[in-house]
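A structural walkthrough
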Amino acid sequence: SRTAQLVSACDRVQHYGLHTGVGRGAPEIDIFEVQAGNIKANTGNFLKMPVGQPFMSASYQVAPGRLPRPGEGWWPAPGQWYDNLTAGTNTSLNIAFYGTYNHFLDDTDPAGQDYWSDAISFNRQLNESHFGQFHRYRLEWELPDLEEREDNNFTKTYGYLRWFLDDEFVMEVDGVGLNSSGTGSEISSEPMYILLNTAISSQWGFPQKCPSMCPCKKYNCYGGFQETCGFSEGFCDLLKEAPADYKINYVRVYQDPNDPKQKVGCSTPERPTRKFIEAHQHKYKLATDAKPLKPIQNGGAPCDPKANGTLPQTCGGETRGICQQSHSPPTCRCLDGWTGPHCMNPRGFDDIVWDPPESIEDLGFHGPMLHWPVVVLIGGLLGMLFVAPFVLRRRRRFFMGYKQVRSEDYERRVAA
């Protein structure tokens, strides 16, 4: 859909520093989404799949989607899905969900505005240990390089995405398959951020038809039939058990310093965003926000002077922050090199700012070059212009016969 994308590759003219022929969006790469439960492979919703619950789903969301496309629950026929997809051990193409059809209530031209979005995903079988122990989930993201240069042997590369679980290969999406689909999708080179959340779907992420005699308007695992009938099998059993904790030991990002394609920043030469966001700030903030991006809070969070260890309650410990007992209640003050409300995060920065704010010189205006003697001369002339009116006024009064009266003479005359 040409009109559904705000900045489309179909646009002939791009302002705000954007590049022509380059569509802009917010791609989604899901390192993992986990679905618990006891519906086994080749049964129920997974009747035609060799992987059942519990599993992790690794996926890449792209749009617009391709046509023709397979029906949900069915394996794709030749030409219905993307090529160059590779699955690892105990992994299966997720045929239960291929994506969604996007229709908006204010559409004036559904044929031109509605579109499919595709979920290219594979499910990896999990077991009980994945819910009670730490495991390592990894994504390798190789950017496309579509310029033919001498340093890449004049060969285009389309990039790839590869997922791993405890260093075991899960799946790969090769950019060659996206390029050959004819939809314009590619391995993303957009600046992106990492999001960690515990969002829970009432249908395990797989939209299903509402069961008969069920209104599917209100969902409550502790309610009656009309509030529980719309949930997927096993969903409420999970929530009624002991509270679930989502524990993360670490998140690490590695880049190749010798690869010019790998950059850090929200506005890079290949994908500039700063000017566009500055011109459309209302799209990226709430009415109460002063700017789209809020500054990182440095200290100020409540702390416990009696706590020990590297904890938020201790402001990160002795090397990161101090719990100020003089405040009521006690609050954190971060030491050099640390930031965040509880001083738990290293103070980071970008080594290179690819798109710095513009100055007046960037707009083509350059003021005169002045040497210091000229500056002194101009300062002297300005001083003379400031003092001259006072000197002239006094000289005029002198020639007119006015004399200055001393303050004591004035006081005697007034007393007389």
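Throughout this document, residue positions are counted from 1 along each chain, in the order its sequence is written. Where local features are concerned, this predicted model is filtered to residues with pLDDT of at least 70; where side-chain atom pairs are given and counted, the filter is 80 or more; whole-chain, interface and lining totals use all residues. Values reported for side chains reflect all heavy atoms of the structure, with hydrogen atoms and water molecules removed beforehand.

1. So, the overall build of the protein chain
Definition in use: Every helix listed is a DSSP run of H or I at least four residues long, and every strand listed is a run of E at least two residues long, numbered separately from the N terminus. Relative accessibility decides the category of a residue: with a 1.4 Å probe and only protein chains considered, values under 20% of the type maximum give buried, values over 50% give exposed, and everything between is partly exposed. Contacts were defined at the residue level, with two residues in contact if any of their heavy atoms lie within 4.5 Å. In short, Shrake-Rupley with a 1.4 Å probe defines the accessible areas, and a residue's cover is counted only from the protein chains shown.
The number of helices and strands found in the protein chain is 7 helices and 13 strands. Per-residue burial over the protein chain gives 29% buried out of 416 residues. Taking the contacts inside the protein chain whose residues are at least 6 apart along the sequence as the reference set, 57% of them involve residues at least 24 apart. In the structure as shown, the protein chain presents an accessible area of about 29,100 Å², 55% of it carried by carbon and sulfur atoms.

2. Here we look at the confidence of the model for the protein chain
Spelled out, the test is: A residue's pLDDT is simply how confident the predictor is in it, with values from 0 to 100.
For the protein chain, the average pLDDT comes to 85, and 87% of its residues sit at 70 or higher. Across the protein chain, element-level confidence peaks in strand E8 (residues 160-165) with a mean pLDDT of 98 and bottoms out in helix H7 (residues 407-415) with 53.

3. Structural notes on the state of the cysteines
We count it as follows: Disulfides are defined in this document as cysteine sulfur pairs within 2.5 Å.
Evaluation of the coordinates by the stated rule reveals 6 disulfides. At a sulfur-sulfur separation of 2.0 Å, the disulfide partner of cysteine 315 is cysteine 332. On the S-S bond that ties cysteine 315 to cysteine 332, the torsion sits near -85 degrees, and the link is left-handed. Note that cysteine 315 is positioned in the loop between helix H5 (274-279) and strand E10 (321-324) and cysteine 332 in strand E11 (residues 331-334), a separation of 17 residues in sequence. By relative accessible area, cysteine 315 is classed as buried at 0%.

4. Topic: the sheet that holds strand E3 (residues 85-87)
So the rule is basically this: For two strands to be treated as a pair, DSSP must find no fewer than two bridges joining them. Each axis is a line fitted through C-alpha atoms, and for a helix only the stretch in contact is used; angles between axes span 0 to 180 degrees, taken between their N-to-C directions.
Strand order in this open sheet of 4 strands is E3-E9-E8-E7, and the pairing throughout is antiparallel. Looking at which strands have only one partner, the edges of the open sheet turn out to be E3 and strand E7 (137-142). Neighbour-to-neighbour, the strand axes of the sheet open up by a mean angle of 15 degrees, direction not taken into account. Judged from the 6 bridges that link them, E7 and E8 form a sheet pairing that is antiparallel.

5. Brief notes about the packing of aromatic side chains
Any two aromatic rings considered together are summarised by their centre-to-centre distance and by the angle between their planes. How we decide: Any Phe, Tyr or Trp ring, taking Trp's six-membered ring, that has another such ring centre within 6.5 Å forms a pair; planes under 30 degrees apart are called stacked, those over 60 apart edge-to-face, and the others tilted. Geometrically, a charge over a ring is one whose NZ (Lys) or CZ (Arg) sits within 6 Å of the ring centre while staying within 35 degrees of the ring normal.
Enumeration according to the criterion identifies 8 aromatic pairs in this entry. Centroid distance tyrosine 16 to phenylalanine 276: 5.7 Å. Interplanar angle 85 degrees. Geometry classified as edge-to-face. Here the residue tyrosine 16 occupies a position in the segment before strand E1 (28-35), and phenylalanine 276 occupies one in helix H5, the gap between them amounting to 260 residues. Taking the relative accessible area as the measure of exposure, phenylalanine 276 reaches 11% and is therefore buried. Look at phenylalanine 46 and phenylalanine 55: their rings are 5.7 Å apart centre to centre, the planes differ by 80 degrees, and that puts the pair in the edge-to-face class. Of the aromatic side chains, those joined through ring pairs into one cluster are Trp81, Tyr82 and Tyr98. Positioned above the aromatic ring of tyrosine 82, the side-chain terminus of arginine 66 is 5.5 Å from the ring centre. Taking NZ or CZ as reference, arginine 252 lies 3.9 Å from the ring centre of tyrosine 250, over its face.

6. A closer look at the nonpolar core
How we decide: The nonpolar core is taken to be a set of buried Ala, Val, Leu, Ile, Met, Phe, Trp, Tyr and Cys residues, with the residues joined through side-chain atoms within 4.5 Å.
Counting 27 residues, the largest nonpolar core has Tyr60, Ile120, Leu161, Trp163, Met171, Val173 and Leu178 as the members making the most contacts within it. Every element with two or more residues in this core is listed here: strand E2 (55-62), strand E6 (115-125), E8 and strand E9 (168-174). The dominant element in this core, judged by the number of residues it contributes, is E2, at 5 residues. Not counting the four nearest positions on each side in its chain, leucine 178 is found in contact with Tyr60, Tyr82, Ile120, Val173, Ser185, Glu186 and Ile187.

7. Some points on the pattern of salt bridges
The following threshold applies: Salt bridge criterion: a side-chain nitrogen from Lys or Arg within 4 Å of a carboxyl oxygen from Asp or Glu.
What the rule picks out here adds up to 16 salt bridges. Put simply, arginine 136 and aspartate 167 hold a salt bridge, and the shortest N to O gap is 2.7 Å. Here arginine 136, found in the loop between E6 and E7, pairs with aspartate 167, found in the loop between E8 and E9; they are 31 residues apart in sequence, far enough to count as distant. Residue arginine 138 pairs with glutamate 140 through a salt bridge whose shortest N-O separation is 3.1 Å. Overall, glutamate 140 belongs to the partly exposed group, its relative accessible area being 26%. Three or more residues are tied together by salt bridges with common partners; here these are Arg24, Glu186, Glu190 and Arg271.

8. Re the side chain of histidine 130
Stated precisely, the cut-off is as follows: As used in this structure description, the phrase polar contact means that two N or O atoms lie within 3.5 Å; if the pair is within protein, one of them must be able to donate a hydrogen and the other to accept it, and residues adjacent in sequence are counted only when both atoms belong to side chains.
Inspection of the secondary structure assignment puts histidine 130 in the loop between E6 and E7. Reaching out from histidine 130, the side chain makes a polar contact with the backbone nitrogen of asparagine 127 at a distance of 3.0 Å. Once residues within four sequence positions are removed from consideration, histidine 130 is found in contact with His135, Tyr137 and Leu165.

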